[in-house]
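Below are the chains, spelled out letter by letter.
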Amino acid sequence: MNVHHELDWFIVIAETENLTAAGEQAHVSQPTLSRFVARLERDVGVALFDRHGRRLVLNRFGQVYLERARRARVQLDAAHREIDEMRRPARGVVRLAFLHSFGVAMVPGLIRRFRDENPEARFTLTQDAAATVVDRVISGDADLAIVSPRPMRADMAWFAIAEQKLALVVPREHRFADRSAIGLAQAADEEFIVMERGFGMRRIFDELCAAADIAPTIAFESAELSTITGLVGAGLGIGLVPVDEAGVYSRGPEVSLIPLSGESREIGVTWLRSRPLPETAERFRAFVLADTGAVQ
């Protein structure tokens, strides 16, 4: 027997206090409802109704059961709606902000896989520095952001979805070029080409330098990781880059990547805790966490 139907039967019997009237409302025969009440009371172990001729009046046990039955019906109705929404493809717009470096492979891959299941979902995409990306979420211009490092704000929710190793990028003929790994302190006397302030990789660089207790010499600042690699290849300094699978930051014969011992950058999805996400954005958030194996 359908649990939802049984809840409805009990509630309508309690409200009408008459099996015949309840049967008319529920489109069920009176004998069927009579057998239902007898079975229910047998299962519960007590009578739920006091009989007054043809009237069935709830007793104190029945009042407790009615209260819980109404709550259960509300919860079941909500579950049916939620499941129905989950089955329907998303049709709304996801406003997604992310770092430039995630636009090569990571974000396109997530969107493609999401749209395989939700072909009518649309996206508004913006790329910028980490600080600007976070500001767009705070201001309401973006629903979600994929960013690194983790925002330093208590009002931002965050789940890590990936990790990228870090490496020094050096000219091919550099003294470090043949090393299998290196610590940042070993490069303390080098000139660095770094990202501009406000970019996630710049914050990571500054934090690593502080942890290594070095005051780096900054030769150039850039807004693009690929530009850093180009300047390094021209022999103008060394840089810090994430090691990406696409090899975007290590292309060309002019540079070598030296893994930075034990260091990586954490990539995560973030949103404003106090603002409920639109339905399609919430679906995309849940999809990203599931797709990447993140734990909520």
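Preceding this section is the structure that the text describes.
Residues numbered from 1 in each chain as written. Predicted model: local features only at pLDDT ≥ 70, side-chain atom pairs only at ≥ 80, totals over all residues. Heavy atoms only, no water.

**Let's talk about the nonpolar core**
- If you look at the biggest cluster of nonpolar residues, it comprises 35 residues, and the most contacted ones within it are Leu 96, Leu 144, Ile 146 and Phe 284.
- Elements that contribute at least two residues to this core include exactly strand 3 (93-98), helix 5 (106-117), helix 6 (130-139), strand 5 (144-147), strand 6 (156-171), strand 10 (255-272) and helix 9 (279-292).
- Examining the composition of this core, we find that five residues originate from one element, helix 9, more than from any other.
- Contacts of Leu 96, omitting those with residues within four sequence positions, involve Val 107, Ile 111, Thr 124, Leu 125, Thr 126, Leu 144, Ala 145, Ile 146 and Phe 284.
- The next biggest cluster of nonpolar side chains, apart from the first, holds 30 residues, and it includes Leu 166, Leu 184, Ala 187 and Val 232. (Core = buried A, V, L, I, M, F, W, Y, C linked by side-chain atoms within 4.5 Å. Buried < 20%, exposed > 50% of the residue type's maximum accessible area, 1.4 Å probe, protein only. Helix = DSSP H or I, 4+ residues; strand = E, 2+ residues; numbered from the N terminus. Contact = heavy atoms within 4.5 Å.)

**A look at the pattern of salt bridges**
- Under the counting rule described, the total for this entry stands at 18 salt bridges.
- Arg 71 is paired through a salt bridge with Glu 67; the nearest N and O atoms lie 2.6 Å apart. Separated by four residues within a single helix, Arg 71 and Glu 67 lie in helix 4 (residues 60-87), roughly one turn from each other.
- For Arg 71, a relative accessible area of 45% corresponds to the partly exposed category. (Salt bridge = Lys/Arg side-chain N within 4 Å of Asp/Glu carboxyl O.)

**A few points about helix 3 (residues 30-44)**
- Here helix 3 contains 15 residues, and its C-alpha end-to-end distance of 21 Å stays within 8% of the 21 Å for a straight helix at 1.5 Å per residue.
- Within the sequence span of helix 3, burial applies to Leu 33, Phe 36, Val 37, Leu 40 and Glu 41. Relative to the axis of helix 3, the buried residues are bounded by an arc of 125 degrees and lie together on one face. Of the residues in helix 3, the exposed ones pointing more than 90 degrees away from the buried face are Arg 35, Arg 42 and Asp 43.
- Residue Gly 45 follows helix 3 closely and has a positive phi angle near 100 degrees. (Expected span 1.5 Å × (residues − 1). Arc of directions from axis to C-beta.)

**Digging into the packing of helix 5 against helix 9**
- At a closest axis distance of 10 Å, the pairing of helix 5 and helix 9 adopts a crossing angle of 115 degrees. On the basis of the axis angle, helix 5 is roughly perpendicular to helix 9. Viewed along their axes, helix 5 and helix 9 form a crossing whose handedness is right-handed. In this structure, helix 5 contributes Leu 110, Ile 111, Arg 113, Phe 114 and Glu 117 to the contact, and helix 9 contributes Thr 280, Arg 283, Phe 284, Phe 287, Val 288, Asp 291 and Thr 292.
- Of the residues assigned to the contact of helix 5 with helix 9, the class counts are six nonpolar, two polar and four charged. (Axes fitted to C-alpha atoms, helices over the stretch in contact; angles between N-to-C directions. Parallel < 35°, antiparallel > 145°, perpendicular 65-115°, else oblique. Left-handed = near helix turned anticlockwise from the far one by under 90°. Nonpolar A, V, L, I, M, F, W, Y, C, P; charged D, E, K, R; others polar.)

**A few points about the pairing of strand 8 (residues 217-222)**
- Pairing between strand 7 (residues 191-195) and strand 8: five bridges, direction parallel. When the sheet's bridge partners are listed, Phe 192 is paired in strand 8 with Ile 218.
- Crossover strand 7 to strand 8 through helix 7 (residues 200-212) is right-handed. (Pairing = 2+ DSSP bridges. Right-handed = clockwise from strand over helix to strand, strands pointing away.)

**With respect to a nonpolar patch on the surface**
- On the surface, Val 44, Val 46 and Phe 61 cluster together into a nonpolar patch covering about 200 Å² of accessible area.
- Secondary-structure assignment places Val 46 in the loop between helix 3 and strand 1 (49-52). (Patch = residues over 30% accessible without salt bridge, like charges linked within 9 Å, V, L, I, M, F, W, Y side chains within 5 Å. Areas by Shrake-Rupley, 256 points an atom, 1.4 Å probe, with all protein chains shown as cover.)

**So, the packing of helix 2 (residues 19-26) against helix 3**
- At their nearest, the axes of helix 2 and helix 3 sit 8 Å apart, and the two run at 110 degrees to each other. Here helix 3 runs roughly perpendicular to helix 2, going by the angle between their axes. For the pair helix 2 and helix 3, contact is made by Leu 19, Thr 20, Ala 22 and Gly 23 and by Gln 30, Leu 33, Ser 34 and Val 37, respectively.
- A class-by-class count of the residues in the contact of helix 2 with helix 3 yields four nonpolar, four polar and no charged.

**Quick notes on the environment of Val 137**
- With respect to the helices and strands, the residue Val 137 is situated in helix 6.
- Between the alpha carbons of Val 137 and Leu 184 there is a distance of 33 Å; along the sequence they are 47 residues apart.
- Setting aside residues up to four positions removed in sequence, Val 137 forms contacts with Ala 142, Asp 143, Leu 144, Ala 145, Met 156, Trp 271, Leu 272 and Arg 275.

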